[in-house]
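Report on the structure
Here is what each chain is made of, one letter per residue.
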Amino acid sequence: MTLQAVIAETQRTVPECLAVGIVDMTTGMLLDVKTVDSHPQEVLDLVAAATSDIYQGQNVTAIENAFKRSRGLVEDDGHHYFQDIIIMSENLLHVFLRSKRNQGVVMVIVCRKSVNLGMALSKARLMATKVDQHI
């Protein structure tokens, strides 16, 4: 199964899913995306940039380093505390899942806000394990 096939399966599996994307935070690029509507490339590029900001912004990095220092860990060990991030916007649920296999890759799933949050998150996590096999 290809990454594109796993993304399509994710969109079918996660309830009320409108879009699925894979972001490489090292390059800041959207590796692949599948949406129910077409979107301008500039909007898709902004999703990749925003994902990088969410996980690698100056304040987030400072918080992670503070946690590491308080636990006596090395700050640049490559481990990250922030794994799954959920954002509720006015009409949408945005689920960001950091890859367990490659900490520099994040799967982004966008659903209608009416979705059952628990079901969307459990299905998204299930599909994240399949994505991990392809990155």
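Residues numbered from 1 in each chain as written. Predicted model: local features only at pLDDT ≥ 70, side-chain atom pairs only at ≥ 80, totals over all residues. Heavy atoms only, no water.

Topic: the overall build of the chain
Here is the rule we go by: Per the convention used, a helix needs a DSSP run of H or I reaching at least four residues, while a strand needs a run of E reaching at least two, with both numbered from the N terminus. Note on method: radius of gyration uses C-alpha positions; expected globular size equals 2.2 Å times residues raised to 0.38. Categorising residues by exposure relies on relative accessible area from a 1.4 Å probe, with only protein chains included: less than 20% of the type maximum marks a residue as buried, more than 50% marks it as exposed, and the intermediate range marks it as partly exposed. In what follows, residue pairs with any heavy atoms lying within 4.5 Å of each other are defined as contacts. All accessibility values rest on the Shrake-Rupley procedure with a 1.4 Å probe; residue burial counts only the protein chains present in the view.
In terms of helices and strands, the chain carries 4 helices and 5 strands. Start at the N end of the chain and walk to the C end: the helices and strands fall as α-β-β-α-α-β-β-β-α. Relative to a compact globule of 135 residues, whose C-alpha radius of gyration would be 14 Å, the chain shows 15 Å and is just as compact. Dimensions along the principal axes, computed over C-alpha positions, put the chain at roughly 45 × 30 × 30 Å. Sorting the 135 residues of the chain into buried and exposed places 40% on the buried side. Across the chain, contacts joining residues at least 24 apart in sequence account for 52% of those joining residues at least 6 apart. A total of about 7,600 Å² of accessible surface is found on the chain, and carbon and sulfur atoms cover 56% of it.

What about the sheet that holds strand β3 (residues 84-88)?
For the record, the criterion: A pair of strands is treated as paired once DSSP finds two or more bridges between them. Helix axes use the C-alpha atoms of the stretch in contact, all axes being lines fitted to C-alpha atoms, and the angles between their N-to-C directions lie in the range 0 to 180 degrees.
Strand order in the open sheet formed by 5 strands is β2-β1-β5-β4-β3, and the pairing between neighbours is antiparallel. Edge positions in the open sheet fall to β2 (29-35) and β3, since each of these has one partner strand only. Here the average twist between neighbouring strands, direction ignored, is 15°. Here strand β1 (residues 17-24) pairs with β2 via 6 bridges, running antiparallel. Following the sheet pairing, alanine 19 is matched in β2 by threonine 35. Contacts from helix α4 (residues 117-132) reach β1, β3, β4 (92-98) and β5 (105-112) within the one sheet, and its direction differs from that of β4 by about 35°.

Observations regarding a nonpolar patch on the surface
Counted only if it meets this: What goes into a patch is any residue over 30% in relative accessible area without a salt bridge, connected to like charges within 9 Å or, for nonpolar side chains (Val, Leu, Ile, Met, Phe, Trp, Tyr), within 5 Å. Throughout this description, the term salt bridge denotes a Lys or Arg side-chain nitrogen within 4 Å of a carboxyl oxygen of Asp or Glu.
Among the surface-exposed residues, Ile86, Met88 and Leu117 lie close enough to one another that they form a single nonpolar patch of about 250 Å² accessible area. With respect to the helices and strands, the residue leucine 117 is situated in helix α4.

Side note on the state of the cysteines
This is how it is decided: Cysteine sulfur pairs qualify as disulfides if the two atoms are within 2.5 Å.
Tallied over the full model, the rule gives 0 disulfides. Lacking any disulfide linkage, cysteine 17 is separated from the closest cysteine sulfur, that of cysteine 111, by 4.8 Å. Owing to a relative accessible area of 8%, cysteine 17 belongs among the buried residues under this scheme. A relative accessible area of 0% means that cysteine 111 is categorised as buried.

A few points about the side chain of aspartate 32
Spelled out, the test is: We treat Lys and Arg as the positive residues and Asp and Glu as the negative residues; His and chain ends play no part in the count. Any N or O atom pair separated by 3.5 Å or less is treated as a polar contact, with the protein-specific requirement of one donor-capable and one acceptor-capable atom, and with residues adjacent in sequence counted only for side-chain atom pairs.
Inspection of the secondary structure puts aspartate 32 in strand β2. Look at aspartate 32: it is buried, it has no salt bridge, and the nearest opposite charge is lysine 34 at 9.2 Å. For aspartate 32, the side chain forms a polar contact with the side chain of glutamine 4, separated by 3.1 Å. Residues in contact with aspartate 32, not counting those within four places in the same chain, are Gln4, Ile7, Val20, Gly21 and Ile22.

Focus: the nonpolar core
In globular proteins that are soluble, nonpolar side chains generally tend to be buried together. Applicable threshold: In these notes, a set of buried Ala, Val, Leu, Ile, Met, Phe, Trp, Tyr and Cys residues joined through side-chain atoms within 4.5 Å is what counts as a nonpolar core.
The biggest cluster of nonpolar side chains holds 21 residues, and the ones touching the most others in it are Val14, Ile22, Val95, Leu97, Met107, Ile109 and Cys111. Looking at this core, the elements that each hand over two or more residues are α1 (3-13), β1, β4, β5 and α4. Among the elements that make up this core, the one with the highest residue count is α4 (6 residues). Residue contacts for isoleucine 109: discarding those within four places in its chain leaves Thr10, Val14, Cys17, Ala19, Val20, Leu93, His94, Val95 and Ala124. Core analysis: the next-biggest nonpolar cluster, separate from the first, contains 12 residues, Met25, Leu44, Tyr55 and Val108 among them.

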